[in-house]
Amino acid sequence: MTKKIYSLQTMRLFAALMVFQYHLWRNSLNGDFSHPGTDFFIVLVGMVAAVAQSHRISEGNWKKYIQARYIRLYVSFIPIFAIYALAMYEDFDLIYFIKSFFFIPMLNKLPLIGPTWMLSMFLLFYWLFSLAFIFRRESILIPVFSLWILGILAYSSSLWNPNLPEEWSLILFKHRNIEFIFGYLGGKLLLSRKVGLKGGKWIFTLGIASLIAAIVLLNNNIIPYASRTFSYGIPLTLISLGLGALEQNNSPSPILKIIIHPWLVWLGGASYVLYLIHNMVLIVWGKIIPITPIQVPLITITVILISAIGYHFWEKPILRYVKTKMV
């Protein structure tokens, strides 16, 4: 069985915190900036699929793979969705609620839980990746991902129209879907264990430097926003790959020791709850106390604590129980 790479779990926490900080500053403090949080999640989904699922493909258990993905998404989503639905019962719209619940893409409208627009992309990747389980060989993903990239590039450059409803074309051929493949390729390279200690250090350093440069360039409109798939996707893949390689090679790096600290790794498990609840916490907080910049550290700690509680008392035990029933 593949050894778990703990740094990837902590990276999930960092990605969730990036998304949270973006919404905090943009929606409550009038700060608008380009950030790599959602790109980080996309890269990590592809990388984790390669690292955690590749060795199971030969079993060909397609149902188990898809079932596990939906259970993981819905265990925490259902109670949080119910809270949102109850809060908006006066504006009840059955079609909107159904689409929001099943992550069906909508045109020019966010789902009930706003950040979950990205889960439609996750599910698309999961279904495409699941083809490997049907054919029982991972090599089938080479033509699948190649055709997907060609379709994305053709659609984004207006060379091809799939003649689908616009909301479906946008989700199926969204340019940032390529980041899933960046992450997947990075994960396969990790699995090969061909990146040594020195290589891991250089890759991680290059990833950090290029990510900082991309953030500065994108936020100052020096490079076009459309380039974020590569400007963010490639550096984030390098960072994750570099950290993973350092961990595989038992690096004594102080940075790595912090990142794989058991508490941070555990909080990485709570990242999905944090992702789902952070806007709700911000709404409630803002109704009680007007949000100001000085409150940012306190609000951040509060969101992390609530997420940890939800993960410890709800998500983790239920996932553990379901896992025992699926064995």
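Here, every reference points to the structure presented above.
Residues numbered from 1 in each chain as written. Predicted model: local features only at pLDDT ≥ 70, side-chain atom pairs only at ≥ 80, totals over all residues. Heavy atoms only, no water.

**Description of a positive patch on the surface**
Thought 1: On the surface, a cluster of positive charge is contributed by Lys4, Arg56, Lys64 and Lys323.
Thought 2: With respect to the secondary-structure elements, arginine 56 resides in the loop between α2 (37-53) and α3 (62-87). (Patch = residues over 30% accessible without salt bridge, like charges linked within 9 Å, V, L, I, M, F, W, Y side chains within 5 Å. Areas by Shrake-Rupley, 256 points an atom, 1.4 Å probe, with all protein chains shown as cover. Salt bridge = Lys/Arg side-chain N within 4 Å of Asp/Glu carboxyl O. Lys, Arg positive; Asp, Glu negative; His and termini not counted. Charge placed at Lys NZ, Arg CZ, Asp CG, Glu CD. Helix = DSSP H or I, 4+ residues; strand = E, 2+ residues; numbered from the N terminus.)

**Focus: the packing of aromatic side chains**
Centre distance and the angle of the planes are the two values used to describe a pair of aromatic rings.
Thought 1: Inspection of every chain in the model, using the stated rule, returns 32 aromatic pairs.
Thought 2: Both rings, one in phenylalanine 125 and one in phenylalanine 180, keep their centres 4.9 Å apart while their planes meet at 15°; by these two values the pair is stacked. Within this pair, whereas phenylalanine 125 is found in helix α5 (residues 117-129), its partner phenylalanine 180 is found in helix α9 (residues 178-192), the two being separated by 55 residues in sequence. Residue phenylalanine 125 shares its accessibility class with phenylalanine 180, and that shared class is buried.
Thought 3: With centroids separated by 6.1 Å and ring planes inclined at 65°, the aromatic side chains of phenylalanine 129 and phenylalanine 133 adopt a geometry described as edge-to-face.
Thought 4: With relative accessibility at 0%, the residue phenylalanine 129 sits in the buried group.
Thought 5: Three or more aromatic residues joined by ring pairs form one cluster here, namely Trp62, Tyr70, Tyr74, Phe77, Phe81, Phe92, Tyr96, Phe97, Phe101, Phe102, Phe103 and Trp127.
Thought 6: For arginine 69, the ring lying beneath its charged end belongs to tyrosine 126, and the centroid distance is 5.9 Å.
Thought 7: Over the ring of tyrosine 96 we find lysine 109, and its NZ or CZ is 4.1 Å from the ring centre. (Phe/Tyr/Trp six-rings, centres within 6.5 Å; stacked < 30°, edge-to-face > 60°. Buried < 20%, exposed > 50% of the residue type's maximum accessible area, 1.4 Å probe, protein only. Lys NZ or Arg CZ within 6 Å of the ring centre and 35° of its normal.)

**What to know about a nonpolar patch on the surface**
Thought 1: Taken together, the side chains of Phe92, Leu94, Ile98 and Phe102 make up a nonpolar region of the molecular surface, amounting to roughly 410 Å² of accessible area.
Thought 2: Locating phenylalanine 92 in the fold gives a position in the loop between α3 and α4 (94-101).

**Details of α3**
Thought 1: With 26 residues, α3 should reach 38 Å at 1.5 Å per residue; the first-to-last C-alpha distance of 37 Å fits that figure.
Thought 2: Approximately 40° is the largest bend angle found in α3, and it occurs at phenylalanine 77, with the proline proline 79 only one to four residues beyond.
Thought 3: Turning to α3, its buried residues are Tyr65, Ile66, Arg69, Leu73, Tyr74, Val75, Ser76, Phe77, Ile80, Phe81, Tyr84 and Ala85.
Thought 4: Those residues of α3 that are buried are in contact with α2, α4, α5, α6 (131-135), α14 (271-288) and α15 (296-326). (Expected span 1.5 Å × (residues − 1). Bend = angle between axes of the 7 residues up to and from the residue. Contact = heavy atoms within 4.5 Å.)

**Quick notes on α4**
Thought 1: Of the positions making up α4, those classed as buried are Tyr96, Phe97 and Ser100. Projected down its long axis, α4 shows its buried positions confined to an angular sector of 95°, all on one face.
Thought 2: Residues of α4 that are buried make contact with α3.
Thought 3: At the N-terminal end of α4, a side-chain oxygen is found 3.2 Å from the backbone nitrogen of isoleucine 95, two or three residues along, and the residue is aspartate 93.
Thought 4: Two residues or fewer after α4 comes phenylalanine 103, characterised by a positive phi angle close to 60°. (Arc of directions from axis to C-beta. Polar contact = N/O pair within 3.5 Å; in protein donor to acceptor, adjacent residues only side chain to side chain.)

**Description of the environment of valine 303**
Thought 1: As for its placement among the helices and strands, valine 303 is situated in helix α15.
Thought 2: For valine 303, a relative accessible area of 0% corresponds to the buried category.
Thought 3: Spatially, the C-alpha atoms of valine 303 and alanine 245 are 31 Å apart, while their sequence positions differ by 58 residues.
Thought 4: Each residue touching valine 303, except ones within four places of it in the same chain, is listed here: Phe20, Leu274, Ile277, His278 and Val281.

**As for the packing of α3 against α4**
Thought 1: One way to put it is that α3 packs onto α4 with a least axis distance of 11 Å and a crossing angle of 155°. Comparing the axis directions of α3 and α4 gives the class roughly antiparallel. In the packing of α3 onto α4, the handedness of the crossing is right-handed. Of the residues in α4, those touching α3 at Tyr74, Phe77, Ile78, Phe81 and Ala85 are Phe97, Ser100 and Phe101. (Axes fitted to C-alpha atoms, helices over the stretch in contact; angles between N-to-C directions. Parallel < 35°, antiparallel > 145°, perpendicular 65-115°, else oblique. Left-handed = near helix turned anticlockwise from the far one by under 90°.)

**What to know about the packing of helix α10 (residues 197-219) against helix α11 (residues 228-248)**
Thought 1: At a minimum axis separation of 7 Å, α10 and α11 run at an interaxial angle of 155°. Here α10 is positioned roughly antiparallel relative to α11, judged by the angle of their axes. Once α10 is placed against α11, the crossing between them reads as left-handed.
Thought 2: For the contact of α10 with α11, the per-class residue count stands at 18 nonpolar, six polar and two charged. (Nonpolar A, V, L, I, M, F, W, Y, C, P; charged D, E, K, R; others polar.)

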